[in-house]
Structure formats: structure tokens, C-alpha cells
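# Structural features, examined
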Amino acid sequence: MTGFILALVGVLLSGLGARDQMTVAALSRRQGARPGVLLVAIGVCCISASFAGYAAMLIAPLMTAPARLFLAAIALGFAGGEALVLSPPRAPKEPTLSLGALAAVLLAHQLTDAARFLIFGIAIAADARLPASVGGALGGALLLATAWSAPEWFDRQRLAWVRRALGLAMLLTALWLGLGVMRNA
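All values derive from a computational prediction rather than experimental measurement. (Residues numbered from 1 in each chain as written. Predicted model: local features only at pLDDT ≥ 70, side-chain atom pairs only at ≥ 80, totals over all residues. Heavy atoms only, no water.)

## Details of the overall build of the protein chain
The condition is simple: Put simply, DSSP marks the helices as runs of H or I at least four residues long and the strands as runs of E at least two long, and each gets a number from the N terminus on. Atoms considered for the radius of gyration are the C-alpha atoms alone. The globule rule reads 2.2 Å times the number of residues to the power 0.38. The cut-offs for exposure are 20% and 50% of the maximum accessible area for each residue type, with area from a 1.4 Å probe on protein chains only; residues under the lower value are buried, those over the upper are exposed, and the others partly exposed. Residue-level accessible areas treat just the shown protein chains as cover; the underlying method is Shrake-Rupley with a 1.4 Å probe. In this tally Asp and Glu are treated as negative and Lys and Arg as positive; neither His nor the chain ends contributes. Each charge is placed at NZ for Lys, CZ for Arg, CG for Asp and CD for Glu.
Looking only at helices and strands, the protein chain features eight helices and zero strands. Going from the N terminus to the C terminus, the protein chain shows its helices and strands as α-α-α-α-α-α-α-α. By the compact-globule yardstick of 16 Å for 185 residues, the protein chain fits well, its C-alpha radius of gyration being 16 Å. Across its three principal axes, the protein chain shows a C-alpha extent of roughly 55 × 30 × 25 Å. Each of the 185 residues in the protein chain was classed as buried or not, and the buried ones make up 46%. Here the protein chain displays about 9200 Å² of accessible surface, and carbon together with sulfur accounts for 74% of that area. Both charge centroids of the protein chain, one from 14 positive and one from 7 negative side chains, sit 3 Å from each other.

Here it is as C-alpha cells:
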């Protein structure tokens, strides 16, 4: 249960203003709330969260508990770095109506975003691959559904500062966690 809750809350915080969420919000603002966009976005979110959990399932049995915690700190550091460095794209001037193209774009965004790094890190640290994957998928789906249903809430400039602050918090937490593991090793 801990992995589920940590992943849910972690994804809700780290995914706020993320590239996938801003893409869905921009499409919904431009084209209206098309149900196909929401279904594709949630489907891709579930696939990417499952991939993060699967990667953790492959790696976790090969590691000791301190090594898993250190790897989780590294994943958290990557998540913080991604939130600080990569900003959401500008809204497309002529967005496509293709759901396949949307799926490809969202998958590319999600495979390298802070939320999936967090799902991986939590799944490794808590040794809870399935609960972390499900919690992360639910958190991501909630974020994408919010962007789809209320795109006017997603101002790129305002959320960029929130995202950077969260990224800095994740980096500092990763540093604290990593140093704690090294000190106790």
C-alpha cells in the first residue's frame, strides 16, 4: 500500500505542468474535449507506468536494500533534473487530429519524464512494483483527465515556476537520500 500511495502522490506532484499534461491541455483548448484524446492519453499513461514497474521488476532482485535505495535516489535526481531542465512545449499552431500521432508524442514525453522516473524509484525502493505502477498510472490519469477537462487552468508560464520549484525539491531530496545511504554504507 505504501508504494501505491507514494507513487500516486509523487506522480501528482511531479507531473503537474509536465510535457504530456500541457500537450493534452493545448489540444483540448484548440479542438475541444474529444473523448478519443482522453482515452489515448490514459492508455499511454498506463503503458508507460507499467514499463517503469517492469523495469523495476527486472532490476530490484539483483540489488541489496541499500543499493535499491541509492538507485531510487538517482531516479529521484533524474526526475528533479527533468523537471528543472525540460520545459513543456509551446502549443502547436496546427495540431493534428491523429490519435496515433498523439500517442507517439505522449509516449515519447512520458518515457523520459519525472513521473515515470519516480514510479521506477519508488518501485525499487519500496520493493512494490505492482502497487507503484498502479498508483503512478492512476496519478498520471488524473493529471491528464484534468488537463483534458479544464485546459484553461494550464498556463505554461505559471506552471513552469511551480514545476521548477518541485524539481529543485526533488533534487535536494535525492541528494539528502543518496548521502544518507552512502553515510550508512
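Alright, that's what it looks like, and here's the rest.
## Thoughts on the packing of helix 3 (residues 35-59) against helix 5 (residues 99-111)
Angle between the axes and distance between the axes: these two values describe a pair of packed helices. In plain terms, the rule: Convention adopted: a line fitted to C-alpha atoms gives each axis, helices being fitted over their contacting stretch, and angles between N-to-C directions are expressed from 0 to 180 degrees. Less than a right angle of anticlockwise turn of the near helix away from the far helix marks a crossing as left-handed, whereas a clockwise turn marks it as right-handed. Note on definitions: a residue-residue contact is assigned when non-hydrogen atoms from the two residues lie within 4.5 Å. Residue polarity follows a fixed list, in which Ala, Val, Leu, Ile, Met, Phe, Trp, Tyr, Cys and Pro are nonpolar, Asp, Glu, Lys and Arg are charged, and the others, Gly among them, are polar.
Between helix 3 and helix 5, the least distance of the axes is 9 Å, while the angle of their chain directions is 35°. In this structure, the crossing between helix 3 and helix 5 has a hand that is right-handed. Between helix 3 and helix 5, the residues in contact are Gly36, Val37, Val40, Ala41, Val44, Cys45, Ser48 and Phe51 and Leu99, Leu102, Ala103, Leu106, Leu107, Gln110 and Leu111, respectively. Residue composition of the contact of helix 3 with helix 5, by class: twelve nonpolar, three polar and no charged.

## Some remarks on the packing of aromatic side chains
The relation between two aromatic rings is expressed through the spacing of the ring centres and the mutual angle of the planes. Here is the rule we go by: Aromatic contacts are taken between Phe, Tyr and Trp rings whose centres are within 6.5 Å, Trp giving its six-membered ring; a plane angle under 30 degrees counts as stacked, one over 60 as edge-to-face, and the others as tilted.
Tallied over the entire structure, the rule returns one aromatic pair. Arranged with centres 5.7 Å apart and planes meeting at 35°, the rings of Phe78 and Phe117 form a pair that is tilted. Separated by 39 residues along the polypeptide, Phe78 in helix 4 (residues 65-85) and Phe117 in helix 6 (residues 114-125) bring together distant segments of the chain. Residue classification places Phe117 among the partly exposed residues on the basis of a relative accessible area of 25%.

## With respect to helix 6
Rule in force here: One less than the number of residues in a helix, times 1.5 Å, gives the span that helix is expected to have.
For helix 6, which comprises twelve residues, the first-to-last C-alpha distance of 16 Å matches the rise-based estimate of 16 Å (1.5 Å per residue) to within 8%. Counting buried positions over the twelve residues of helix 6 gives ten, a clear majority of the element. Listed as buried for helix 6 are Ala114, Ala115, Arg116, Leu118, Ile119, Phe120, Gly121, Ile122, Ala123 and Ile124. Asp127 sits one or two positions beyond helix 6 and adopts a positive phi of about 50°.

## Re the nonpolar core
Basically, it comes down to this: The definition of a nonpolar core used throughout is a set of buried Ala, Val, Leu, Ile, Met, Phe, Trp, Tyr and Cys residues joined through side-chain atoms within 4.5 Å.
Val11, Ala56, Ile119, Phe120, Ile124 and Ala132 are the most contacted members of the largest nonpolar core, which totals 18 residues. Of all elements in the fold, only helix 1 (2-14), helix 3, helix 4, helix 6 and helix 7 (129-149) reach the threshold of two or more residues within this core. Excluding anything up to four places from it in sequence, Ala56 contacts Pro61, Phe120, Ala123, Ile124 and Arg129. Judged by nonpolar contacts, the second largest core, of 17 residues, contains Ala25, Val37, Ala41 and Leu159.

## Looking at helix 1
Taking 1.5 Å as the rise per residue, helix 1 with 13 residues should run 18 Å; its terminal C-alpha atoms sit 18 Å apart, in good agreement. For helix 1, every residue scored as buried is listed here: Gly3, Ala7, Leu8, Gly10, Val11 and Ser14. Buried residues along helix 1 sit against helix 6, helix 7 and helix 8 (156-184).

## A look at the environment of Ala108
You can see Ala108 is positioned in helix 5. Classification of Ala108 by relative accessible area gives partly exposed; the value is 48%. It is 28 Å that separates the C-alpha atoms of Ala108 and Ala67, two residues lying 41 residues apart in sequence.

## Digging into the side chain of Glu82
Cut-off, in case you're wondering: Any pair of N or O atoms that falls within 3.5 Å is considered a polar contact. Within protein, one atom must be able to donate a hydrogen and the other to accept it, and sequence-neighbouring residues count only if both atoms are side-chain atoms.
The topology assignment puts Glu82 in helix 4. For Glu82, a relative accessible area of 5% corresponds to the buried category. Side-chain polar atoms of Glu82 contact the backbone nitrogen of Ala114, separated by 3.0 Å. If near-sequence neighbours (up to four positions away) are discounted, Glu82 is found in contact with Arg19, Thr112, Asp113, Ala114 and Arg163.

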